[in-house]
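So you can see what is in the structure, the chains are spelled out below.
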Amino acid sequence: MSNLAKKIAAPADPVGEDSVKPRYLESLHLVERLHRRLLDVIKDEFERRGRDDVNSVQALLLYNIGDKELTASELRTRGYYLGSNVSYNVKKLVEMGYLHHARSRVDRRSVRISLTERGRQVHDVVATLYDKHARTIEPIGGISGDDFTRLNQALIRLERFWTDQIRYRL
């Protein structure tokens, strides 16, 4: 039996204080909570500007599209839209004039989406908010670039771990 198989088969302390489980569960909770909080921050920014034309999930979708031309499925795989139906939100954003929507010339089954000028304005509100955060997060929030580097490395490893769980059925 390989060392990895032994570690998986016989965890040293599955429920004790030294176990990774409580910290892993706390991290899962924090990631979920942070995403919800991000949506709250975006919602608050739009409310401060007196805008109620789009919700925070829709604003995040428009931000993530940016200058690109994507399909709805590409958009879905690029971002995490907690509890939202991407197709529904894309349809609403097209109806409200925030997105262009056209059949692909190459694959007629595929629909390509891109921002209208109105969608670009929403994108710019979120971009301005993120720029403000980038300028103030270290002096006010106490989080340095090195902190983000370590955090991002850990999150990338966690994503890879989860991907391997699915891909290799571990």
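Residues numbered from 1 in each chain as written. Predicted model: local features only at pLDDT ≥ 70, side-chain atom pairs only at ≥ 80, totals over all residues. Heavy atoms only, no water.

Helices and strands together make up the secondary structure of the protein chain, namely seven helices and two strands. Start at the N end of the protein chain and walk to the C end: the helices and strands fall as α-α-α-α-α-β-β-α-α. When each of the 170 residues of the protein chain is scored for burial, the buried share is 26%. Nonlocal contacts in the protein chain, meaning residues at least 24 apart in sequence, comprise 56% of its contacts between residues at least 6 apart. A total accessible area of about 12,400 Å² is found for the protein chain, and carbon and sulfur atoms account for 53% of it. (Helix = DSSP H or I, 4+ residues; strand = E, 2+ residues; numbered from the N terminus. Buried < 20%, exposed > 50% of the residue type's maximum accessible area, 1.4 Å probe, protein only. Contact = heavy atoms within 4.5 Å. Areas by Shrake-Rupley, 256 points an atom, 1.4 Å probe, with all protein chains shown as cover.)

Let's shift gears to a nonpolar patch on the surface. A cluster of nonpolar side chains, contributed by V20, Y24, L25, F161 and W162, occupies part of the molecular surface with about 480 Å² of accessible area. Elements with a contribution of two residues or more to the nonpolar patch: α2 (21-48) and α7 (145-167). On the accessibility criterion, Y24 (32% relative accessible area) is partly exposed. (Patch = residues over 30% accessible without salt bridge, like charges linked within 9 Å, V, L, I, M, F, W, Y side chains within 5 Å. Salt bridge = Lys/Arg side-chain N within 4 Å of Asp/Glu carboxyl O.)

As for its placement among the helices and strands, Q58 is situated in helix α3 (residues 56-65). We classify Q58 as buried; its relative accessible area is 7%. Here Q58 is in contact with N89, K92, L93 and M96, once residues within four sequence places are set aside.

Our next topic: the pattern of salt bridges. Considering all chains together, one arrives at 12 salt bridges under this definition. The salt bridge partner of R37 is D40, with a shortest N-O separation of 3.0 Å. Here R37 pairs with D40, and both are found in helix α2, just three residues apart, close to one helical turn. Ionic pairing is found between R150 and D147, a salt bridge with its closest N-O pair at 2.7 Å. Note that R150 and D147 are positioned in helix α7 at a spacing of three residues, about one turn of the helix. On the basis of relative accessible area, D147 is assigned to the partly exposed category, the value being 29%. When salt bridges with common partners are traced through the structure, they connect D67, R120 and D124 into a single cluster.

Glancing now at the nonpolar core. Core analysis: the largest hydrophobic core is formed by 23 residues, its most contacted members being F46, L75 and L99. Among the secondary structure elements, those contributing two or more residues to this core are α2, α3, α5 (86-95), β2 (111-115) and α6 (117-136). At six residues, the largest contribution of residues to this core is made by α3. (Core = buried A, V, L, I, M, F, W, Y, C linked by side-chain atoms within 4.5 Å.)

Attention shifts here to the environment of N64. Examined against the element boundaries, N64 turns out to sit in helix α3. According to the relative accessible area criterion, N64 is partly exposed, its value standing at 27%. Remark: the alpha-carbon pair of N64 and V126, spanning 62 residues in sequence, is separated by 9.7 Å.

On to α6, then. Across its 20 residues, α6 extends 29 Å between first and last C-alpha, which sits within 8% of the 28 Å expected from 1.5 Å per residue. Of all the positions in α6, only G119, R120, V122, H123, V125, V126, A127 and L129 are classed as buried. (Expected span 1.5 Å × (residues − 1).)

Here we take up α7. The end-to-end C-alpha distance of α7 is 32 Å, a good match for the 33 Å that 23 residues give at a rise of 1.5 Å each. Downstream of α7 by a residue or two, R169 has a phi angle that is positive, lying close to 50 degrees.

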